[in-house]
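Letter by letter, the chains look like this.
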There are 2 protein chains.
Amino acid sequence: MTPATTAAGTRDLPHPAREEIRLEGVLHALSDPVRLRIVRDLAADSDELFACSYFDLPVTKSTTTHHFRVLRECGVIRQTYRGTAKMNGLRRQDLDALFPGLLDALLAAAGRQAARLGTD
Amino acid sequence: MTPATTAAGTRDLPHPAREEIRLEGVLHALSDPVRLRIVRDLAADSDELFACSYFDLPVTKSTTTHHFRVLRECGVIRQTYRGTAKMNGLRRQDLDALFPGLLDALLAAAGRQAARLGTD
DNA sequence: GTCAAACTACGATGTCCTTCGTACAATGCA
DNA sequence: TGCATTGTACGAAGGACATCGTAGTTTGAC
């Protein structure tokens, strides 16, 4: 009855290895406003994990699922199940190792633009 | 016979003003490998202008035109006519003013990845 | 065992994007 | 004037993408 489960409360999700993360993929992932919003919120509390339902996004649940999957498959976030929730965290270590300074510059740029446009 | 010309050898092209440049647009523009390649080449000699034909791209001429237009409309490059050629230059000042450090971080990340993958 | 909560899978839809070929326009030079 | 160079416009094809609704799965709690 539980074909995809392996252990108690643990379904594994496919993540790219660090070396498989591509800059173009990261940029594409962050070029969508909804996904950029998610990443900014995750970065605000970088040591914490947040469930998908934590985010207040202007799209439906299934679209939300889609965006989180894109972020995971591009290597921007890591997703793990915890009970019925799916916890999300930035892959800061991996991204910083691959592209030092990039994530900080992107987040600073996003923050700057949000302040400038009053979209915060 | 020259409906779009205004002065000798001068046809103007629409560019977004600095304040109109959006981070999402810049990231989208750079998420394409061909366009990222163009921007890297432009940045290698940041004070110089290069004609479209300068670049050795793996696409046809009309596709090249398309990519340069995307870069211009997103505010990443500035294009000016010079004779029959169209000169291209990075909008470094505008981008640095809007998003300090972003362009450098992006170029460094692209260079790092190219070195890692042997795509240089 | 039942039920609600959280998330997924699937299919549909409309839009945007990349790419191309072909035909055309603008410029400078012989 | 004729011609080569450089780039554009237009349309088309094929794929990718964002969005949604509905139905289903997984989990924990009662």
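Residues numbered from 1 in each chain as written. Chains lettered and ligands numbered in written order. Predicted model: local features only at pLDDT ≥ 70, side-chain atom pairs only at ≥ 80, totals over all residues. Heavy atoms only, no water.

Once that is clear, we can look at the protein's contact with DNA strand D. Neighbouring residues of DNA strand D: 27 residues in total, closest A:R35, A:H67, B:T65, B:T84 and B:K86. Considering DNA strand D, the proportion of its atoms within 4 Å of the protein that are sugar or phosphate atoms stands at 73%. B:T65 has a polar side-chain atom sitting 2.8 Å from a phosphate oxygen of DNA strand D. Broken down by secondary-structure element, the contributors of at least two residues to the surface near DNA strand D are α3 (61-73) of chain A together with α3 (61-73) and β3 (85-90) of chain B. (Near = heavy atom within 4 Å. Polar contact = N/O pair within 3.5 Å; in protein donor to acceptor, adjacent residues only side chain to side chain. Helix = DSSP H or I, 4+ residues; strand = E, 2+ residues; numbered from the N terminus.)

On to the interface of chain B and chain A, then. Accessible area lost when the parts come together is the quantity often used to give the size of an interface. With 25 residues of chain B at the contact, the number on the chain A side is 25 residues. Both faces combined, the contact of chain B with chain A buries some 2,100 Å², and carbon together with sulfur accounts for 65% of it. Contact with chain A buries surface across chain B, with B:E24, B:L27 and B:Q113 losing the most and accounting together for 23% of the total. Here chain B is connected to chain A by 0 salt bridges. For the pair chain B and chain A, the number of links is 6 residue pairs in polar contact (both at pLDDT 80 or more). For the side of chain B that touches chain A, the secondary structure elements donating two or more residues are α1 (23-30), α2 (33-44), α4 (92-98) and α5 (102-117) of chain B. For the side of chain B that touches chain A, the leading source of residues is α5(B), giving 9 residues. Its residues placed into classes, the side of chain B that touches chain A shows 16 nonpolar, 4 polar and 5 charged. (Contact = heavy atoms within 4.5 Å. Buried area = accessible area lost by both parts, 1.4 Å probe. Salt bridge = Lys/Arg side-chain N within 4 Å of Asp/Glu carboxyl O. Nonpolar A, V, L, I, M, F, W, Y, C, P; charged D, E, K, R; others polar.)

Any two aromatic rings considered together are summarised by their centre-to-centre distance and by the angle between their planes. Residues and elements named next belong to chain B. Counted by the stated rule, this structure contains 8 aromatic pairs over all chains. Where F50 meets F55, the ring centres are 6.3 Å apart and the plane angle is 70 degrees; that geometry is what we call edge-to-face. Across this residue pair, the class does not change: F50 and F55 are buried. (Phe/Tyr/Trp six-rings, centres within 6.5 Å; stacked < 30°, edge-to-face > 60°. Buried < 20%, exposed > 50% of the residue type's maximum accessible area, 1.4 Å probe, protein only.)

All names here are of chain A. Scanning the model with the defined rule gives 0 disulfides over all chains in all. With no disulfide partner, C74 has as its closest neighbouring cysteine sulfur the one in C52, 16 Å distant. According to the relative accessible area criterion, C74 is buried, its value standing at 16%. (Disulfide = S-S within 2.5 Å.)

This brings us to the environment of A:G83. All names here are of chain A. In this structure, G83 sits in the loop between β2 (77-82) and β3 (85-90). Judged by relative accessible area, which is 53%, G83 ranks as exposed. Sequence separation of G83 and R116 is 33 residues, and the distance between their C-alpha atoms is 40 Å.

UniProt's feature table lists "domain: HTH arsR-type" (unreviewed entry) at residues 15-110 of chain A, given in the numbering used throughout. Secondary structure content for residues 15-110 of chain A is 51% helix and 15% strand, while the C-alpha to C-alpha distance between its ends is 25 Å. (UniProt positions renumbered as here; feature names shortened; annotations may be inferred.)

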